[in-house]
Amino acid sequence: MIPEKEKKEIADWGQTLKDDIRIHLILTEDERSQTFQDFCEELTRIAPKIKIKQEKEDESKPPVIRVGNVGYQAIPAGKELEPFLSMLVDGDGQTQNGPLSVHKKLHQTRVPALLKVYIMPHCPFCPATVKQLLCLAAASESIRLTIIDGALFPEKAASDKIQSAPTVLLDDQFYWTGSIQIEEIVDMILNRDPSRLSASSLKAMFEEGGAVEVAGMMLDNGKIFPALMELLIHKKWPVRLAAMMVFETLAEENNMLVHHTIPYLWDSFLTAEDTVKGDILYLLGKSGDKGIIPKLETVLNGPYGVDVKEAAEEAVEALNLN
């Protein structure tokens, strides 16, 4: 799978390694997982100090090679191989490749940034852009970088409306194409409005155990970020649970903030599946707003299942205790 020229490049690089390097390979139900597995197995045969930890997820989302806060939804080949190998062996040293002022600024960021860069095979400009972004990821753990091969994952490129490579996205809101000015991206990371973070950005923070940090940002800004509302009714329980933890923290620290969510939650309850209905009722009980009790009573007297009615009863009891 790996061309002979690149095998030699990996072998020569591997001989310079003193310590083991650990990589996470996340395989999914996606059929392209086999391509990633084949690449990683060949990589470890050529450079035995690379140790692969495999994880399986029962989902159809794309597989990923993950090293710290960098994920590759791409097979690093051709001119993309050198940045990949440099990142593995010298993550901290990556910061020396960019302007010092940029890296000093990144230490100021409190809001995690979700960066994606779309590359294409044989793109002459993509490796340089990847190198620049790897420098940012090395400079700050708050930056979560994903490198995506738009040819290998055309459905993702279509979903993100990618028309050329390289294209860089920040929080699924800001786009740069072609040759990038790294200072411009850093300035946007530092100066963006955190309340405009996308649902995917908040979800990524949840996956890194950042629910408390998300709640803190909302308390600091004095408002609930719109993207949280989407995650409170997410179809996946782990995502909902993290969002609910944020909601509970806000309810305890600044009850008025969560009152603004009640109309949305009630409207969502009317169309949600039963498993989600129960969680919505739990949140309404945590809201502290007794004005919602009459609507909860319509659930108790309505055509709902036993579990939903029990959740409504518990919500009413919680509100009456306040």
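Anything mentioned here points back to the structure above.
Residues numbered from 1 in each chain as written. Predicted model: local features only at pLDDT ≥ 70, side-chain atom pairs only at ≥ 80, totals over all residues. Heavy atoms only, no water.

Caption draft 1: Region of the structure containing the pairing of strand β4 (residues 70–73). Where burial is concerned, the two faces of β4 agree: the one with V70 and Y72 and the one with G71 and Q73 are both buried. Bridge analysis of strand β3 (residues 64–67) against β4 gives three bridges, and the strand direction is antiparallel. Note on β4: the bridge partner recorded for I65 is Y72. Linking β3 back to β4 in an antiparallel pair, the connection comprises two residues, with G68 at a positive phi of about 60°. Strand direction decides the pairing type here: β4 and strand β6 (residues 143–149), joined by four bridges, are parallel. The residue bridging Q73 from the neighbouring strand is I148, located in β6. (Buried < 20%, exposed > 50% of the residue type's maximum accessible area, 1.4 Å probe, protein only. Helix = DSSP H or I, 4+ residues; strand = E, 2+ residues; numbered from the N terminus. Pairing = 2+ DSSP bridges.)

Caption draft 2: Layout of the side chain of K277. Along the chain, the position of K277 falls in helix α14 (residues 274–286). No salt bridge is formed by the buried K277. Its closest oppositely charged neighbour is D274, at 4.5 Å. There is a polar contact of 3.1 Å between the side chain of K277 and the backbone oxygen of F269. Non-local contacts of K277, meaning those with residues more than four positions away in its chain, are made with F269, L270, T271, A272, Y304 and V308. (Lys, Arg positive; Asp, Glu negative; His and termini not counted. Salt bridge = Lys/Arg side-chain N within 4 Å of Asp/Glu carboxyl O. Polar contact = N/O pair within 3.5 Å; in protein donor to acceptor, adjacent residues only side chain to side chain. Contact = heavy atoms within 4.5 Å.)

Caption draft 3: Here's a closer look at unusual backbone geometry. Cis rather than trans, the peptide bond between A165 and P166 has omega equal to 0°. Tracing the sequence through the fold places P166 in the loop between α6 (154–159) and β7 (167–170). You will see that D171, though not glycine, has its phi angle at about 55°, which is positive. Tracing the backbone through its elements, the reader meets D171 in the loop between β7 and β8 (174–177). One non-glycine residue, D172, lies in the positive phi region at around 60°. Tracing the backbone shows D172 in the loop between β7 and β8.

Caption draft 4: Region of interest: the packing of helix α11 (residues 237–253) against α14. Axis separation between α11 and α14 bottoms out at 10 Å; the angle between their running directions is 10°. One finds that α11 runs roughly parallel with respect to α14. Between α11 and α14, the contacting residues are W237, R240, M244, F247, E248 and A251 on the first element and T275, V276, D279, Y282, L283 and K286 on the second. (Axes fitted to C-alpha atoms, helices over the stretch in contact; angles between N-to-C directions. Parallel < 35°, antiparallel > 145°, perpendicular 65-115°, else oblique.)

Caption draft 5: Just a nonpolar patch on the surface, in detail. Taken together, W237, L241 and M245 make up a surface patch of nonpolar side chains, about 290 Å² in accessible area. Residue class for M245 comes out partly exposed when judged on its relative accessible area of 42%. (Patch = residues over 30% accessible without salt bridge, like charges linked within 9 Å, V, L, I, M, F, W, Y side chains within 5 Å. Areas by Shrake-Rupley, 256 points an atom, 1.4 Å probe, with all protein chains shown as cover.)

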